[in-house]
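Chain by chain, the residues:
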Amino acid sequence: MNHDLFKQIRFRLTLLYTILMMIFLAVAMFISYYALSSMIYQVKEEQLRYVLDHPEEVLKSRDTRFLEEYEDDENEDDDDHDENEYFKEKRDNQSDLLRDQIVFLYLTQGKGSPITGKEPEPAISREIREKIQNWRPHETEYKKESIHIRGEDEVYLLMAAAPRIHDGKMEGYIYAGNDVTEIESFLTLLKWIMIALSLLFVMIAAAAGNYMAGKAMIPIKKSFQRQRQFVADASHELRTPLSVMQASLEVLQKEEENQLTPFSQQVLEDMKDETRRMTRLVQHLLTLARMDSGALEINRERFDLIPVVHNLLRKAGSLADKKRIVFHSDIADETLPVYADRERITQLLYILLDNAVKYTPEGGEVSIEIRVNNDDRGKKVLEMSVADTGIGIPEEEQSQIFKRFYRVDKARSRELGGTGLGLSIASWIVEAHRGMIQVESKPGEGSKFVVRIPLVNEKGELMN
């Protein structure tokens, strides 16, 4: 149990470290990818914006209809022939680069019919014209479109400018675009490379985290080991003097019963109760210490459970008589042979019966039920339940009661001699027998503890 606890802690530390590393890598990858793609597309967008503002720099040949009409309009409106000279003289690297990169450049009139400025190949042209046919921007806009050409998807960055107005007359919309398929392929490849590297780093981080968590657990394990050894040694050493004290008090009470005053008798009785409580606490602590160290094992043997139950009922009856609690038993069979640890099963039932009597008020009832049923797989299961009409357990605390030293009502539990260890030991016994324990309870209506343990044969096989 202790080993499993340290394994869980180490796993949680490793998982936490790995999750933090995954978050860090995911954020870093997203920022890097977004920043790089934004920078690349920003350059492309600036090129297209420049083309929309200066389409004449891309159109170098006077045999295009668009260039001639555009230049004529400019000459008529501005009556300035410097632009024609500009077209003839400007042949710098930027213009050459733009001319090579721009896939198409369109001017559409108000009716929507295109005037070609720079036309791509026919297959692409048809697709692009469909994309821009109903696109009427009010300002400069851009978008990415995927076009299926020659069995492959190609990506184009399209940009359109608001129509030019001259003397109250709309000259038309200008559309431009270029092929960004290679950029998209590069970014996709980069994304998968970053994901692969992130996964690799996460695995390395998980291995490193597991190693560091193991190193961090070493001093904790040593400290826990020393504490556990101390509890075991102290519990073992206290058992003998407590047994002597208990026996001495019994002898003293018998020999001096007639000579003691009522007050002295009450003090003697209180001492016996406290000694019994201390003895029970020491036994529980020693059991827990053995559980943690792995020294407490389940020693299965074939025995009849019914005599064990009747013997426990007789012992618990003496405690119940003081509070006028009525016992009810529902035992289906006269004999019930089981293959289990006799001592631990006895301890389990005693803990449940002791708790039931302890937390049931005077005049209440406690019932025990023992029977064999079949589970969903048709295998035999030993079902044992102990119910009482006591104070009950709030629903929000029912999942906590099997933890060590947990007590629902601490003041009341201390008054009744509770230590918060019994149900923890009971849960371990049930789990060691591959069973399960559940509680059904409502405050003020009592509690019912149900134990289900699969029946096995001497080979450890489930019984049908």
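Up top is the structure these notes are about.
A brief report on the enclosed structure follows. (Residues numbered from 1 in each chain as written. Predicted model: local features only at pLDDT ≥ 70, side-chain atom pairs only at ≥ 80, totals over all residues. Heavy atoms only, no water.)

The helix and strand tally for the protein stands at eleven helices and twelve strands. Counting all 464 residues of the protein, 38% fall into the buried class. Looking at the protein alone, contacts between residues at least 24 apart form 66% of all its contacts between residues at least 6 apart. When the accessible surface of the protein is summed, it comes to about 27,400 Å², and 54% of that surface belongs to carbon and sulfur atoms. (Helix = DSSP H or I, 4+ residues; strand = E, 2+ residues; numbered from the N terminus. Buried < 20%, exposed > 50% of the residue type's maximum accessible area, 1.4 Å probe, protein only. Contact = heavy atoms within 4.5 Å. Areas by Shrake-Rupley, 256 points an atom, 1.4 Å probe, with all protein chains shown as cover.)

Strand order in the open sheet made by the five strands is β7-β9-β10-β12-β11, with mixed pairing throughout. Strand pairing shows two members of the sheet lacking a second neighbour, β7 (326-331) and β11 (436-442), which therefore form its edges. Neighbour to neighbour, the strand axes of the sheet diverge by 15 degrees on average, direction disregarded. As defined by bridge partners, β11 adjoins strand β12 (residues 446-454) across seven bridges and the pair is classed as antiparallel. When the sheet's bridge partners are listed, V439 is paired in β12 with F449. (Pairing = 2+ DSSP bridges. Axes fitted to C-alpha atoms, helices over the stretch in contact; angles between N-to-C directions.)

Moving on to the packing of aromatic side chains. As enumerated under the stated definition, the model contains three aromatic pairs in all. Each ring, one from F30 and one from Y34, has its centre 6.1 Å from the other, and the planes form 10 degrees; the classification is stacked. Placement of both F30 and Y34 in helix α1 (residues 2-53) is noted, with a separation of four residues, approximately one turn of the helix. The exposure class assigned to F30 is exposed, which follows from its relative accessible area of 57%. With a centroid separation of 6.4 Å and an interplanar angle of 90 degrees, the aromatic rings of F402 and F449 are classed as edge-to-face. With a gap of 47 residues between them, F402 in the loop between β10 (380-388) and α10 (410-416) and F449 in strand β12 connect regions that are remote in the sequence. Note on accessibility: F402 and F449 belong to one class, buried. (Phe/Tyr/Trp six-rings, centres within 6.5 Å; stacked < 30°, edge-to-face > 60°.)

Let us now look at the environment of A340. Looking at where A340 falls in the secondary structure, it is placed in strand β8 (residues 337-340). Judged by relative accessible area, which is 7%, A340 ranks as buried. For the pair A340 and E301, spaced 39 residues apart in the sequence, the C-alpha separation amounts to 5.4 Å. With near-sequence residues (within four places) excluded, A340 lies in contact with N299, R300, E301, F303, I345 and H433.

Turning to unusual backbone geometry, a few remarks are in order. Phi at R324 is positive, roughly 55 degrees, even though this residue is not glycine. Position of R324 among the secondary structure elements: in the loop between α8 (305-322) and β7. Overall, R324 belongs to the exposed group, its relative accessible area being 55%. The phi torsion at R434 lies on the positive side, around 60 degrees, for a residue other than glycine. Turning to its location among the elements, R434 is positioned in the loop between α11 (422-432) and β11.

On the secondary structure map, A356 appears in helix α9 (residues 342-358). In this structure A356 comes out as buried when scored by relative accessible area, which is 3%. Residues in contact with A356, not counting those within four places in the same chain, are V366, V386 and D388.

One way to put it is that α9 packs onto α11 with a least axis distance of 9 Å and a crossing angle of 145 degrees. The hand of the α9/α11 crossing is left-handed. On α11, the residues that touch R344, Q347, L348, I351, L352 and N355 of α9 are G422, L423, I425, A426, I429 and V430. Class assignment for the residues of the contact of α9 with α11 results in eight nonpolar, three polar and one charged. (Left-handed = near helix turned anticlockwise from the far one by under 90°. Nonpolar A, V, L, I, M, F, W, Y, C, P; charged D, E, K, R; others polar.)

This part covers the nonpolar core. The biggest cluster of nonpolar side chains holds 45 residues, and the ones touching the most others in it are L305, I370, M384 and F449. With eight residues, α9 is the single largest residue contributor to this core. If near-sequence neighbours (up to four positions away) are discounted, F449 is found in contact with L352, M384, S385, V386, I393, I401, F402, L423, I437, Q438 and V439. Residues L157, A161, A176 and L187 belong to the second largest nonpolar core, which totals 14 residues. (Core = buried A, V, L, I, M, F, W, Y, C linked by side-chain atoms within 4.5 Å.)

By the definition in use, this model includes nine salt bridges. Of the charged contacts, one joins R342 and E301 as a salt bridge, the two residues approaching to 3.9 Å between their closest N and O atoms. Separated by 41 residues along the polypeptide, R342 in helix α9 and E301 in strand β6 (residues 301-304) bring together distant segments of the chain. A salt bridge links E362 to R324; its shortest N-O distance comes to 3.1 Å. Separated by 38 residues along the polypeptide, E362 in the loop between α9 and β9 (365-374) and R324 in the loop between α8 and β7 bring together distant segments of the chain. Each member of the pair, E362 as well as R324, is classed as exposed. (Salt bridge = Lys/Arg side-chain N within 4 Å of Asp/Glu carboxyl O.)

Any link to function would need more than the numbers given here.
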